[in-house]
Amino acid sequence: MLKTIGSKVWAIPGGHMPLLSSGAEPRDTSRDELCVLNAGHFDAHLQLTIYYEDREPVGPYPLKVVAQRVRHVRFNDLIDPHALPLDTPYAVLVVADHPVVVQFTRRDTSQAANAIATTLAYPG
Amino acid sequence: MKILRTHSADEFINWSGSLRFIPRSQVWPATEQAVCVYVRDAAARGRKIRVAGSGHSSSPIVQTPDILMSMRDHHGLIDYDLHSHRAMVGAGTVLHDLGSILHNVGLGMQNLGDVDTQTIAGVISTGTHGSGRKLQNISATLIGVRAITGNAEVVDWSVEQHPDLINAARVSMGLLGIFTAVRLQLEPTYRLRRREYCARTEDCLAHLDELADAHRNFDFYWYPRRDEVKIRTLNPPEVPPPSLPFARCIKEQEGFSHEIIARERELKFEELEYFLPADAGPECFREVRQRILQRHRKHVGWRVLYRLIARDDAFLSPVHGRDSVAISVHQNASLPYQEYFDDIEFIVRAYDGRPHWGKKHSLRAEQLAALYPRWDDFIKLRRELDPNGVFLPEPMAQLLGEE
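Residues numbered from 1 in each chain as written. Chains lettered and ligands numbered in written order. Predicted model: local features only at pLDDT ≥ 70, side-chain atom pairs only at ≥ 80, totals over all residues.

### Overview of unusual backbone geometry
And step 1. Across the junction of A:Glu25 and A:Pro26, the peptide omega takes the value 5°, indicating a cis bond.
And step 2. Look at B:His85: it is not a glycine, yet its phi comes out positive at around 60°.
And step 3. Residue position: B:His85 is located in the loop between β7 (77-81) and β8 (86-90).
And step 4. For B:His85, a count of 18 C-beta atoms within 10 Å translates into the label partly exposed.
And step 5. The phi torsion at B:Asp227 lies on the positive side, around 50°, for a residue other than glycine.
And step 6. In this structure, B:Asp227 sits in the loop between β15 (217-223) and β16 (228-235). (Helix = DSSP H or I, 4+ residues; strand = E, 2+ residues; numbered from the N terminus. Buried ≥ 20, exposed ≤ 12 C-beta atoms within 10 Å, placed from the backbone.)

### Some thoughts on the sheet that holds strand β14 (residues 191-200) of chain B
All names here are of chain B.
And step 1. Read from one edge to the other, the open sheet built from eight strands follows the order β17-β14-β16-β15-β19-β20-β18-β21, with strand pairing classed as antiparallel. Of all strands in the sheet, those bounded by a partner on one side alone are β17 (247-256) and β21 (354-355).
And step 2. Bridge analysis of strand β19 (residues 304-309) against strand β20 (residues 324-332) gives six bridges, and the strand direction is antiparallel. Looking across to β20, one finds that Leu308 is bridged to Val325.
And step 3. Helix α8 (residues 281-296) contacts β15, β18 (269-277), β19 and β20 of the sheet and is inclined by roughly 20° relative to β20. (Pairing = 2+ DSSP bridges. Contact = placed C-beta atoms within 7 Å. Axes fitted to C-alpha atoms, helices over the stretch in contact; angles between N-to-C directions.)

### Some points on the sheet that holds β8(B)
Residues and elements named next belong to chain B.
And step 1. Taken together, the five strands give an open sheet; going across it, the order is β7-β8-β12-β10-β11, and neighbouring strands pair in antiparallel fashion. Two strands lie at the open edges of the sheet, namely β7 and β11 (154-158), each paired on one side alone. If you compare each strand with its neighbour and ignore which way they point, the axes differ by 10° on average.
And step 2. Here β7 runs beside β8; their pairing, made up of four bridges, is antiparallel. Its bridge partner being in β8, Leu77 is matched across the sheet by Val89.

### As for the pairing of strand β10 (residues 142-148) of chain B
All names here are of chain B.
And step 1. Counting buried positions along β10 gives six out of seven residues, so the element sits mostly inside the fold.
And step 2. The pairing of β10 with strand β12 (residues 178-185) spans six bridges and is classified as antiparallel. Paired with Leu142 across the strands is Leu184, a residue of β12.
And step 3. When β10 meets β11, the two strands line up antiparallel, connected through five bridges.

### A look at the confidence of the model for chain B
And step 1. Looking at chain B as a whole, its pLDDT mean stands at 95, while 98% of the residues score no less than 70.
And step 2. Per-residue pLDDT stays below 50 along residues 1-8 of chain B; that stretch engages in 15 contacts with residues further than four places along the chain or on separate chains. (pLDDT = per-residue confidence, 0-100.)

### Observations concerning helix α2 (residues 95-104) of chain B
Residue and element names in this part refer to chain B.
And step 1. Of the positions making up α2, those classed as buried are Leu95, Leu98, Gly99 and Leu102. Buried residues of α2, seen end-on, are gathered within an arc of 105° and therefore sit on one face of the element. Opposite the packed face of α2, turned more than 90 degrees from it, sit the exposed residues Ser100 and Asn104.
And step 2. Where the residues of α2 are buried, they touch β8, β9 (107-108), α3 (120-126) and α7 (257-260).
And step 3. Positioned one or two residues after α2, Gly106 has a phi angle of 90°, which is positive. (Arc of directions from axis to C-beta.)

Pasting the structure below:
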């Protein structure tokens, strides 16, 4: 039987939310998205820290992913402790109290021929 | 008996953290006599007194170089009447406590704002409001007040005997006197059912009138990073939910009014809010939305709030004489807000907007006087009731053009 899957620490160095969007929002809003799988039997409490090129890190951004569930969160929507700027390079460090799997997706609709890219985060 | 207690040289910091000053002393007089002593002493020495409630306002209406007074010891239920649904309570009673106090004797407030951390005198004095096409702001429920004027005179005004004074006192920012107790028009305690929905912005705007008509309380949040809205409604539980085929219900909750209207807000923010004629609300919102999408989305993730308030007659009420829409924009307290607020303020002012007295705005006396038909009447009363300007330190004197 699978006991746990995932890691408690993940890093995403390549954050950058496009400023412009085209198409119907919120479906087609340009965005960076965090996708978290908690396949375990305990609720996972995540703390995100955001790193920038030219300023001090900001965080923690608290997130909860209940047991045996997946949660998708747009970085565009995070406001606690404060909103991330669009069109600005950033990185994310995710620390969880239970193992989770973290995937990162970017949807870029700056042009009508929009693009999507996705990757697993780097597990610590 | 010790009636004067002071706690000197502490810095006052408002809820959001953007208003800071060090008054000469902070005091919390326990009795009316003590308040009178402070007022008399201040008048004799040429000092200025302001009363702070819970410090939720972010405009400098409580700022003073001298005496910052708290009415926290003037707290709780003084009397009530279940026949007329009226009650008198201490001016320093915090709304969250007041809800339970009134409920325990079978009464409830007609409406609340988005939070209930303020004092009752604070929300009355600043024109704080909730949302509902037929609901007035909280100050409209003030039907009597006991206060100490700038002459250190204790006065009792009622809406029956002193209608003009009550209409002046309803949104008076502590300029006419220090409230020690307020009499409120209430309702029998009642329950409400909260329903919240997600919807596309255009769908919400297309149904604004029917949403406003169908729900006791209605407002919506617009999220600039999604161009999507959250519709929030409150209705008596026995009223069946109207059909909203364009929206998806995401929350249902039921309870007594004091448990269900206000929400918890821990994350600190700055806010600019303007009141517009109700008919102008949708067009103004569209312009604000477009401007944020085009110019501010990079740095602004906080929502915009759209609320409805019924007209009243209070001299300085932002909804004086006109059913209104209130549009408020927010920014994290930890991020720059001035450029954003200045830009949005330029838009809402063009719609004959009036600012919330307790939130950020840039208007001064000349501009404000043009917005309020009873401005001169209020100024005249203020001069009569506080001839020495005890309640008029520099920021308020500038605001009123009474330097």
